[in-house]
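So the chains spell out like this:
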Amino acid sequence: MLKACLNGGRQWQDHPAVPVTPDELAAEAARCAAAGVAAVHVHPRDADGAESLDPGVIAAAVTAIRAARPGLPVGVSTGAWIAPEPADRVAAVRAWTVLPDFASVNAHEPGAAAVAAALHERGVLVEAGLWTTAAVDAWRRWPAPTGRILVECLAEPVDVALADAAAILAALPADRPPVLLHGEGPATWPVLAEAVRRGLDTRIGLEDTLVLPDGSTAPDNVALVTAARTLGAH
């Protein structure tokens, strides 16, 4: 599976094509789906442009994307930087009026197990974000089931990111859920190539990188998706 990560924490100041509003996210999701992605991951924003887990903010983004591309799975982040208090993240999930298809939870963050449990209770597929081998141990203690593992390689330089990927993958149990492997920044394209080599799911989008494999600036998410598919990601 190839997933598009449309915006992350980026703003228009980072790249003029970063989608922020529900309508922008919807249009970009539809274009990426037409280019071949199987799902999209978004960071919905409030009226001030800040990432938010507020029920109205989540509902607006998810509803707009589903209207633009019916049937396209859409997921959101529950990162602690959005709402630092675990209880606030759990309360937000329980208050959502429109549910995404999946949501990511970073296993190393305080309260991750409780957030994952709240998502599972609501019927939202849980993606466990694993940044380190220590996070694998934390994730294995979660009581709630996980639908997908995100092996996320954020380190620089690239050889360190690839070594991190290998170590985290080696630490996973044999009966693991499906795995999506991706990198960020300079590691984005090398880690994507490693995911393709290993036959794993992966992702691409302006959240992870602003450049194409040749180092030139990507005009938009669709250009990144097209490049990823050229490299064998599907």
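Cut-off values and rules
- Residues numbered from 1 in each chain as written.
- Predicted model: local features only at pLDDT ≥ 70, side-chain atom pairs only at ≥ 80, totals over all residues.
- Heavy atoms only, no water.
- Pairing = 2+ DSSP bridges.
- Helix = DSSP H or I, 4+ residues; strand = E, 2+ residues; numbered from the N terminus.
- Axes fitted to C-alpha atoms, helices over the stretch in contact; angles between N-to-C directions.
- Contact = heavy atoms within 4.5 Å.
- Buried < 20%, exposed > 50% of the residue type's maximum accessible area, 1.4 Å probe, protein only.
- Right-handed = clockwise from strand over helix to strand, strands pointing away.
- Arc of directions from axis to C-beta.

Chemist: When you look at the sheet that holds strand S2 (residues 39-42) in this model, what are you seeing that I'm missing?
Modeler: Each strand in a sheet pairs with its neighbour through backbone hydrogen bonds, running either in the same direction (parallel) or in the opposite one (antiparallel). With parallel pairing, the eight strands of this open sheet are ordered in space as S7-S6-S5-S4-S3-S2-S1-S8. Edge positions in the sheet fall to strand S7 (179-183) and strand S8 (202-204), since each has one partner strand and no second. When the angles between neighbouring strand axes are averaged without regard to direction, this sheet yields 25°. Two elements, strand S5 (residues 125-130) and strand S6 (residues 148-153), share four bridges in a ladder whose sense is parallel. Among the inter-strand pairings, leucine 130 is bridged to a residue of S6, identified as valine 151. Packing of helix H8 (residues 221-230) onto the sheet brings it into contact with strand S1 (2-5) and S8, and relative to S1 it is tilted by some 155°.

Chemist: Sorry if this is basic, but what is going on with the pairing of S6 here?
Modeler: Across a regular strand the side chains alternate sides, sitting on one face of the sheet and then on the other. Across the six residues that make up S6, a large majority, six, are buried. The alternating pattern of S6 places Arg148, Leu150 and Glu152 on one face and Ile149, Val151 and Cys153 on the opposite face, and all of these are buried. Handedness of the S5-helix H5 (residues 133-140)-S6 crossover: right-handed. Of the strand pairs in this sheet, S6 and S7 are connected by five bridges, and their pairing is parallel. Each bridged residue has a counterpart across the sheet, and for isoleucine 149 the counterpart in S7 is valine 179. The handedness of the S6 to S7 crossover, carried by helix H6 (residues 158-171), is right-handed.

Chemist: I'm lost on the environment of alanine 228 in this one. Help?
Modeler: Relative to the assigned elements, alanine 228 resides in helix H8. Note on alanine 228: relative accessible area 0%, which makes it buried. Along the primary structure alanine 228 and isoleucine 204 are separated by 24 residues, whereas in three dimensions their C-alpha atoms are 7.1 Å apart.

Chemist: Explain helix H4 (residues 112-122) to me, please; I cannot follow it from the model alone.
Modeler: Of the positions making up H4, those classed as buried are Ala112, Val115, Ala116, Ala118 and Leu119. End-on view of H4: buried residues confined to an arc of 160°, all on one side of the axis. Of the surrounding elements, those touching the buried residues of H4 are helix H3 (86-95), strand S4 (102-106) and S5. Count one or two residues on from H4 and you reach glycine 123, which has phi positive near 85°.

Chemist: Mind showing me how you'd approach the environment of alanine 67 here?
Modeler: Along the chain, alanine 67 falls in helix H2 (residues 55-68). A relative accessible area of 62% places alanine 67 in the exposed class. Separated by 111 residues in the primary sequence, alanine 67 and proline 178 have C-alpha atoms spaced 28 Å apart.

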